[in-house]
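Chain by chain, the residues:
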Amino acid sequence: MSGWLEHSVQVEVDAPIDLVWGLWSDLEQMPQWMKWIDSVEILKEDPDLSKWKLASGTFEFTWLSRIVKVVNHQIIQWESIDGLPNRGAIRFYDRHSSTIVRLSIAYDIPGILGQVMDNLFLGRVVESTIQADLHRFRDYVDNLQKQAPTSV
């Protein structure tokens, strides 16, 4: 397991936890804010399984992921069961008018990447990308709230 890299990033989203949880738990929407995620497909025969496709430049990876733990409004935890080895959790912290979203991921470095990239460099690229993904998510939520009709 020495090839595994782990990262944790977080962002505060200026929205109630119900909205943040609802958006994030709809996995098929993730490509809207996650730069490298090309697609997510929930399997109809088992909604705890999803097919993921990551694409970045000339690299493309796929995997099948299983949701291993869900605590409503608190955590979604997963692990891959086929394809690119990865696992992680997204945690939600209710701050009443805002929500802290903390993403922790771990992945085994694919052989080809390990051959062409330094692990430290790759780790920095991945961490900065997932931090930017969380900022895009925050902006996505902000834009949704601005478009929503306000109640009087």
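Along each chain, residues carry numbers from 1 onward, in the same order as the chain's sequence is written. Only residues with pLDDT of 70 or above have their local features reported here, since the model is predicted, and side-chain atom pairs are shown and tallied only from 80 upward, although totals for entire chains, interfaces and linings are computed over all residues. As a rule here, side-chain values cover all heavy atoms of the structure and leave hydrogens and water aside.

**Focus: the overall build of the protein chain**
Part 1 of the reasoning: What the protein chain contains, in helices and strands, is three helices and seven strands.
Part 2 of the reasoning: We call a residue buried when its accessible area falls under 20% of the maximum for its residue type, exposed when it is over 50%, and partly exposed in between, using a 1.4 Å probe and counting protein chains only. Looking at the protein chain residue by residue over its 152 residues, the buried ones come to 40%.
Part 3 of the reasoning: About 8,800 Å² of surface is accessible on the protein chain, with carbon and sulfur atoms providing 50% of the total. The secondary structure listing takes helices from DSSP runs of H or I that are at least 4 residues long and strands from runs of E that are at least 2 residues long, numbered from the N terminus. Per-residue accessibility takes into account occlusion by the displayed protein chains alone, with areas from the Shrake-Rupley method and a 1.4 Å probe.

**Considering the sheet that holds strand 2 (residues 37-43)**
Part 1 of the reasoning: DSSP-based pairing: two strands are paired if at least 2 bridges between them are found. A sheet is described by the order of its strands in space; here seven strands give the open sequence 1-7-6-5-4-3-2, paired in antiparallel fashion. Unpaired on one side and paired on the other, strand 1 (4-13) and strand 2 mark the two borders of the sheet. Taken over all neighbouring pairs, the strand axes of this sheet differ in orientation by 20 degrees on average, direction set aside.
Part 2 of the reasoning: As paired elements, strand 1 and strand 7 (residues 99-108) share 10 bridges and run antiparallel to each other. If you follow Trp 4 over to strand 7, its bridge partner there is Asp 108.
Part 3 of the reasoning: Residues are treated as being in contact if the distance between any of their heavy atoms lies within 4.5 Å. Whenever a helix is involved, its axis is fitted only over the stretch in contact; in every case the axis is a line through C-alpha atoms, and angles between N-to-C directions fall within 0 to 180 degrees. The sheet contacts of helix 1 (residues 17-24) involve strand 1, strand 4 (59-71), strand 5 (75-83), strand 6 (86-94) and strand 7, and relative to strand 6 the element is tilted by about 160 degrees.

**Let's talk about the pattern of salt bridges**
Part 1 of the reasoning: Should a side-chain nitrogen of Lys or Arg be within 4 Å of a carboxyl oxygen of Asp or Glu, the pair is scored as a salt bridge. Evaluated as defined, the whole model comprises five salt bridges.
Part 2 of the reasoning: Between Asp 46 and Arg 66 there is a salt bridge, with the nearest N and O atoms lying 3.9 Å from each other. Residue Asp 46 is located in strand 3 (residues 46-56), and its partner Arg 66 is located in strand 4; the two are separated by 20 residues in the primary sequence.
Part 3 of the reasoning: One salt-bridge network, in which partners are shared between bridges, spans Asp 38, Lys 53 and Glu 60.

**Quick notes on helix 1**
Part 1 of the reasoning: Those residues of helix 1 lying buried are Ile 17, Val 20, Trp 21, Leu 23 and Trp 24. Seen end-on, helix 1 carries its buried residues on one side only, within an arc spanning 165 degrees. Each direction from the helix axis to a C-beta atom contributes to the arc, which is the arc of those directions.

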